[in-house]
Amino acid sequence: MKLYLVRHGLAGQHGDYADDNERPLTDEGKKKTTRVARRLAESGMKFEKILSSPLVRARQTAEILVAEKLGDSIEEFPPLAPDGKVRDWLNWWRGSAYRGPENSIALVGHEPDLGYWAESLVWGESRGNLIVKKAGVIGIEVPDRENPIAHCELFLLIPPKWLL
């Protein structure tokens, strides 16, 4: 299975909102994220499933992916909120219909968590070295095995500037 970790686009200033969970994408963030999504769609990318953090900026990013025909629907997935655990996603994945090699799933979330998740899947531990830029994408090949931790292969690491 191909797993794509997508960081939300450029959002409002941290601290400008009473509830950080409600911080939206800026107009610039929406435009840039739309351009990135359009380029991904032009490359032939398509997701059978899009899971999103419940935070507004991630949800808006996931909605842009759907608007650009990268997927059909969005499922809110609370472990993608800040401080979520990759093990929670693995538990979901083990019971899902998306384990096969022909499937592609997008997870829309936040840094540093997406970088930590990628490192855990590829190396078996988080090292704090992979950083997903805003509206950036990491692609990971996840083998269909009960515990894929440290058995995954990183095949894509794209900062948005390479797509724009």
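Identification of the chain as Phosphohistidine phosphatase SixA from Pannus brasiliensis CCIBt3594 is taken from an unreviewed UniProt entry.

Participant: Give me the packing of helix 3 (residues 86-94) against helix 4 (residues 113-123): which residues, what numbers.
Facilitator: Each pair of packed helices gets described by two things: the angle between the helix axes and the distance between those axes. The N-to-C vectors of helix 3 and helix 4 enclose an angle of 65°; their axes lie 10 Å apart at closest approach. Side by side, helix 3 and helix 4 meet where Val86, Trp89 and Leu90 of the first sit next to Trp117, Ser120 and Leu121 of the second. Split by residue class, the contact of helix 3 with helix 4 holds five nonpolar, one polar and no charged.

Participant: If you had to explain the packing of aromatic side chains to someone new, which residues and values would you point to?
Facilitator: Applying the stated criterion across every chain yields a total of five aromatic pairs. Judged by centre distance (5.7 Å) and plane angle (90°), the ring pair of Tyr4 and Phe155 falls under edge-to-face. Pair noted here: Tyr4 is in strand 1 (residues 2-7) and Phe155 is in strand 6 (residues 153-158), with a separation of 151 residues, a long-range link. The exposure class of Phe155 is partly exposed, given its relative accessible area of 32%. In textbook terms, an aromatic cluster arises when at least three aromatic residues are bridged by ring pairs, as seen for Tyr4, Phe47 and Phe155. If you follow Lys2 out to its NZ or CZ, it ends over the ring of Phe155, 5.1 Å from the centre. Sitting over the face of the ring of Trp93, Arg99 holds its NZ or CZ atom 4.7 Å from the ring centroid.

Cut-offs applied
Residues numbered from 1 in each chain as written. Predicted model: local features only at pLDDT ≥ 70, side-chain atom pairs only at ≥ 80, totals over all residues. Heavy atoms only, no water. Axes fitted to C-alpha atoms, helices over the stretch in contact; angles between N-to-C directions. Helix = DSSP H or I, 4+ residues; strand = E, 2+ residues; numbered from the N terminus. Contact = heavy atoms within 4.5 Å. Nonpolar A, V, L, I, M, F, W, Y, C, P; charged D, E, K, R; others polar. Phe/Tyr/Trp six-rings, centres within 6.5 Å; stacked < 30°, edge-to-face > 60°. Buried < 20%, exposed > 50% of the residue type's maximum accessible area, 1.4 Å probe, protein only. Lys NZ or Arg CZ within 6 Å of the ring centre and 35° of its normal.

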